[in-house]
Structures are given as C-alpha cells and as structure tokens.
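Analysis of the macromolecular model
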Amino acid sequence: LAVPLAVTGAALSPPGARIVAALCAVAAAGAGLTAGWYYVGIGAPGRLVLNEAVVRVLATIGACGAMLLGAGLIVYPLALLGAVAVSLLLNMRGAGTALYRHRWWYWAGVVDDWRRHRSTVVARVVQGVYSSGSTALVAAVSPVAATPFAVLDRVTKSAVNGAVSFPQALTSWVAGHNRQHAIRRVKAGLVIDSAFCLALALVVWSVLPIAVTYLLAGAYTVTGSVRVLVAAVVGLTIFNRAIRMHALLVLGLEKYSAHLTLATSCIGCVTLTMGLVWGGVVGSQAGLLVAEAVLAAGGLGRVLISLRQPDYRG
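These remarks concern the structure in this document.

1. A few points about the overall build of the chain
Secondary structure assignment for the chain yields twelve helices and zero strands. Reading the secondary structure of the chain in the N-to-C direction produces α-α-α-α-α-α-α-α-α-α-α-α. In terms of overall dimensions, the chain is globule-like: its C-alpha atoms have a radius of gyration of 20 Å, near the 20 Å expected for 314 residues. Burial statistics for the chain: of 314 residues in total, 36% are counted as buried.

And the structure:
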C-alpha cells in the first residue's frame, strides 16, 4: 500500500508539501509491519513496548525537537521511517527470522488464511475506510466544518494510537493461560480497561484546548460540549479495542467481533453525516460517539452473555 498511498498523498497536497505528504503516507504504511500479535502470541508484551512503542516515541520527540530548532517538516516523516526500520530489525532479530522467505507453500498458506479469516479482514478494511475517510466525508458534506473537524480528528487519532499500546501489551496477560484462568482474567481485564479508558478520557478532556490552540493558532476555540464528546469518543474507542482483544478473541468470538465492527462502521458513516447536518462540528462528534457506543454495547453485552454460559469442553 505504500506506493498508492504516497501517490495519493502527493496528488492531494499543495505543491510545496507533496514530498512530505508522500513520505508521511509511506511511514503510515510502515506501521503495518508491526510484530504486535507475535509478541502477544509468545506472551512477551514488554518486547512490543521496547521494540516499537519506545522507538516510535523517541523518534517523534526527536523530530519535534528538530523542528523547534528550525528544521523543516520533512524531518518528521523521515524520523518515522527510521523508527519503522529500527523496529523491523529489532523484531526480526528477536524472533530469529529472516527478512524475506518467499516459497510457493507460503503463498498457499496466505490463500488459506484469507478463506478462514475473510470476514475479519473485510470488517477491518471497512473500519479503516470509515476511520481514515471521516474527514473527507465531512469536507464533502460541510466544507466549513472540515478544518476544525480535521484538527479534532488528528488529536483523537494521536491519542488513540498512543494509548492503544496499553491494551495491546495487556492482551498476552489475558490470553496466555488455560480457559479457566483466561475467563478470570477477562473479567479482571474489563475492570482494568474501564479504569484506564476513564483516565484517558479525562486526560484528553484536559489537554484538548491546548492541543487545538497549538494546531490552529487560536483560530478555533473548543467549546465545553466538544471537549466532553471528543474525550468520550477517545475513551470508548480504546475500550472497544480492548474488548475485542481482551474478551471477544479470547472467548472465541472472532467472527462476531468482525460482524459487529462491520455493522458499526456502516452505522458510523450514517450517524456522522446526520450529526454534521444537524449540529456542525458538535453534531459530528456526537455521531462518532453514537457509533462507538453501539460497538461498545454490542461487544460488552455479548461478552457478559458468554461469561454466563457453562463450558462443556472440559
């Protein structure tokens, strides 16, 4: 995806920012080389934090520092690309795996994986289109609201991308045991996730005015209702990801999770558009909140039902 993303990013950007946009697109595609689920599978979340989260945070801090000292914006995507390369090498070294091993039976395995997991793949693709295309949808429906929505969306995405490392690291703790232990830890995980997401929402609520003022240089003032809605959207988004990783997948409800994600992504497009037409920026955030609330209710309700059902598999 790196090549078409880079071309698209360059084509949609003004002349002076095309190279930066193309490199940012490539760096974003590089995030797909994560070894997150490998570390979950072997029960080593600490390596995920060290090899990926720490590397990316240091790269981002270094790039921001360089730009504050006068470096150009191109430093940012270059730093992210460097972080991708460093993380990839560290992961491959830790796993003892060669970078590329193309064999005909490997590609046959890919086809078999697609057949068994196509519902999940389709759901995640649709969710990705909904998540990444929300700003374009807002711009098409209400151009006036596009700029403040884009800034709020950027803050939301940054908070989610930074906070998702916590539920990712906790996944191996929940799933790395037999079923009885896993069920107990699913229940404990729900409590931990709830507390973490509440704290995250409070942090976002606190820093949102500062972040928006910095990004828009004071051209847009965040109202109290927008602060509450954005904070709730971030908290629920992380909570939904945690439910999927810590409960639905652990309890064998992968297909249900995929179908629920697909349905709520479609619902989100409708509620976002309706909210935008009804109430501008405030309505758009309310529409996002409705979609995340539907996803949370569907996921949490199914988990609670599953935990009450007896297990006859021994």
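2. Focus on the environment of Ala-66
Inspection of the secondary structure assignment puts Ala-66 in helix α4 (residues 45-68). Residues Ala-66 and Tyr-76, spaced ten residues apart in sequence, show a C-alpha to C-alpha distance of 8.8 Å. Ignoring any residue separated from it by four or fewer positions in sequence, one finds Ala-66 in contact with Ala-71 and Val-75.

3. Re the packing of helix α2 (residues 18-30) against helix α5 (residues 75-95)
Angle between the axes and distance between the axes are the two parameters that describe a pair of packed helices. Closest axis-to-axis distance for the α2/α5 pair is 9 Å, and the angle between their directions is 25°. Judged by the angle between their axes, α2 and α5 are roughly parallel. In this structure, α2 crosses over α5, and the sense of that crossing is left-handed. On the side of α2, the interface is formed by Val-20, Leu-23, Cys-24, Val-26, Ala-27 and Gly-30, while α5 contributes Tyr-76, Pro-77, Leu-78, Leu-80, Leu-81 and Val-84.

What counts as what
- Residues numbered from 1 in each chain as written.
- Predicted model: local features only at pLDDT ≥ 70, side-chain atom pairs only at ≥ 80, totals over all residues.
- Heavy atoms only, no water.
- Helix = DSSP H or I, 4+ residues; strand = E, 2+ residues; numbered from the N terminus.
- Rg over C-alpha atoms; globule rule 2.2 N^0.38 Å.
- Buried < 20%, exposed > 50% of the residue type's maximum accessible area, 1.4 Å probe, protein only.
- Contact = heavy atoms within 4.5 Å.
- Axes fitted to C-alpha atoms, helices over the stretch in contact; angles between N-to-C directions.
- Parallel < 35°, antiparallel > 145°, perpendicular 65-115°, else oblique.
- Left-handed = near helix turned anticlockwise from the far one by under 90°.

So yeah, pure geometry; function would need other evidence.
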